[in-house]
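# Commentary on secondary and tertiary structure
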Amino acid sequence: VNLEYDRERIDDFGRTLAYAYIDGRMLNEALIEAGLTRAETRFPFRADRKKRFKELEEIARRERRGIWSTK
C-alpha cells in the first residue's frame, strides 16, 4: 500500500487524509467505480480528483453498480 497526500495530511479529528494505492490502483477510485461509495466532493481537495470521482460515480449510477443497483 502506498499513500499520496493532498492539501491536508491530518484532519481536525486526528485522522490521516490520503489516497491509498494498492498495486498501483487508487482505492478511492476503485470503490466509487464499483458503486460501493458515493463521491464525496464537499471537502477541500484537488479539483481534478473531484472531477474524476464525480465521473466514476456517474458511470456506476448509469451501470447500476453497487449502491446504485436498486435506484
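Residues numbered from 1 in each chain as written. Predicted model: local features only at pLDDT ≥ 70, side-chain atom pairs only at ≥ 80, totals over all residues. Heavy atoms only, no water.

### Some points on the packing of aromatic side chains
Across all of its chains, the model carries two aromatic pairs by this definition. Residues Tyr-19 and Phe-53 carry aromatic rings whose centres are separated by 6.4 Å and whose planes lie at 65° to one another, so their mutual orientation is edge-to-face. Of this pair, Tyr-19 sits in strand β2 (residues 19-22) while Phe-53 sits in helix α2 (residues 47-62); the two residues are 34 residues apart in sequence, bridging distant segments of the chain. Accessibility assignment for this pair places Tyr-19 and Phe-53 in one class, buried. The interplanar angle of 45° and the centroid separation of 5.9 Å between the aromatic rings of Phe-45 and Phe-53 together place this pair among those described as tilted. Just as Phe-45 is buried, Phe-53 falls in that class too. (Phe/Tyr/Trp six-rings, centres within 6.5 Å; stacked < 30°, edge-to-face > 60°. Helix = DSSP H or I, 4+ residues; strand = E, 2+ residues; numbered from the N terminus. Buried < 20%, exposed > 50% of the residue type's maximum accessible area, 1.4 Å probe, protein only.)

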